[in-house]
Amino acid sequence: MKPPNIYAPRKPMNKKLIVANWKMLPETLAQAREILETVNNYLEPLSELELEHIGIIFCPPFVFIEEVEKMMSLSRLRTAALLGAQDIAPQSQGALTGEVSASMLERLGVQYVIIGHSERRWKLGENDEVVNAKLKTALENGFIPIICIGERTRVGDWKHELDEQIKGSLRGLSQDSVARCIVAYEPVWAISTNPGSHSDTPESASASIEYIEEFLHQEYGTGAARYLYGGSVTAENAEGFLQRKEISGALVGGASVRKEEFIEILNIARQFSK
Ligand code: PGA
């Protein structure tokens, strides 16, 4: 079992978490190193107290995880960043071509796992049943899941879509397990790489998060550990999201590999961390 995680509880440290979802980038390990070096250089002059206000979770592609972990443990990053994976096999053991198991991730130092990302749901056909199996596997193996929830469009009864997605993804989870999850509210229409995308507004994202929290209480008798917003978060709009009390961090895709911009986002998050 892993040591207790320092970022999941809302108290006593209410820092704004920035989850860097690198997706299928960068192209090379050398570029991955550059991103980490840039973040490390940013952290270098900060005091211990200032560092306490920074919480980063790097989620690199599987093939870079080992190197990222090494770089993290040998630098200032170890005080402010933890490792996440972008996915996990739906079962702990067995023959599953192409999958990466929980124990492999654990040995690499991974503590968080993104589950049910909309690109996996809608581009790769991952249904709620698979998402649910991955979520259970992650929890059974002591990871903190970052479960992505979001409607595809705002046309029609989109809140019903959220309800169904939550029920399908979290089916059979105990109250304690739900309380361990980090929920990332990511409306699919807001993901930067989707055609015609634009970020949600901070007000509307907060309202959706409140709706999700209420629904979780109603269904499971508890809320999640934290709620993040994701979908076209940039240095330009991050402040609007991160200053809101309902939003305890951001799941950042495109901007997380644009190193200078990522630093700006970290800097904004720091201001709103308590
Ligand atoms: P984006 O991606 O920030 O590029 O919109 C977010 C995500 O897909 O998690």
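Here goes a summary of the coordinates provided.

Conventions and cut-offs
- Residues numbered from 1 in each chain as written.
- Predicted model: local features only at pLDDT ≥ 70, side-chain atom pairs only at ≥ 80, totals over all residues.
- Heavy atoms only, no water.
- Near = heavy atom within 4 Å.
- Polar contact = N/O pair within 3.5 Å; in protein donor to acceptor, adjacent residues only side chain to side chain.
- Areas by Shrake-Rupley, 256 points an atom, 1.4 Å probe, with all protein chains shown as cover.
- Nonpolar A, V, L, I, M, F, W, Y, C, P; charged D, E, K, R; others polar.
- Core = buried A, V, L, I, M, F, W, Y, C linked by side-chain atoms within 4.5 Å.
- Buried < 20%, exposed > 50% of the residue type's maximum accessible area, 1.4 Å probe, protein only.
- Contact = heavy atoms within 4.5 Å.
- Helix = DSSP H or I, 4+ residues; strand = E, 2+ residues; numbered from the N terminus.
- Right-handed = clockwise from strand over helix to strand, strands pointing away.
- Pairing = 2+ DSSP bridges.
- 1 Å grid on protein atoms, 1.4 Å probe; cavity = no way out; pocket = protein on both sides within 12 Å on 5 of 7 lines; lining within 4 Å.
- Points joined across faces, edges and corners; volume = space filled by probe spheres on them.

Quick look at the site of the ligand
Close to the ligand lie Asn 21, Lys 23, His 117, Glu 186, Ile 191, Ser 192, Gly 231, Ser 232, Leu 251, Val 252, Gly 253 and Gly 254. In this structure, Ser 232 approaches the ligand through a main-chain N or O atom, which is 2.7 Å from an oxygen atom. Gly 254 is positioned with one of its backbone polar atoms (N or O) 2.8 Å from an oxygen atom of the ligand. Surface burial for the ligand is 99%, taken as the share of its 280 Å² of free accessible area covered by protein chains. Looking at the shell around the ligand residue by residue, the classes come out as three nonpolar, seven polar and two charged.

A look at the nonpolar core
Counting 73 residues, the largest nonpolar core has Phe 58 and Leu 216 as its most contacted members. In contact with Leu 216, other than residues within four places in its own chain, are Ile 166, Leu 170, Val 178, Val 183, Gly 221, Thr 222, Gly 223, Ala 224 and Tyr 227. Core analysis: the next-biggest nonpolar cluster, separate from the first, contains 14 residues, Leu 17, Val 19, Ile 57 and Ile 146 among them.

Details of the pairing of strand S4 (residues 112-115)
Burial of the side chains of S4 extends over both faces: Tyr 112 and Ile 114 are buried on one face and Val 113 and Ile 115 on the other. In this fold, the crossover linking strand S3 (residues 81-85) to S4 by way of helix H5 (residues 102-107) has right-handed handedness. Bridge analysis of S4 against strand S5 (residues 144-149) gives four bridges, and the strand direction is parallel. Bridge pairing in S5 places Ile 114 opposite Ile 146.

Details of empty space enclosed by the protein
Tallied over the full model, the rule gives three cavities of 30 Å³ or more. Volume-wise, the largest cavity comes out at about 50 Å³. Along the walls of the largest cavity sit Gly 116, Ser 118, Arg 121, Trp 122, Cys 148, Ile 149, Gly 150, Gln 165, Glu 186 and Val 188, which together make up its complete lining. Those elements that place two or more of their residues in the lining of the largest cavity are helix H6 (118-123) and S5.

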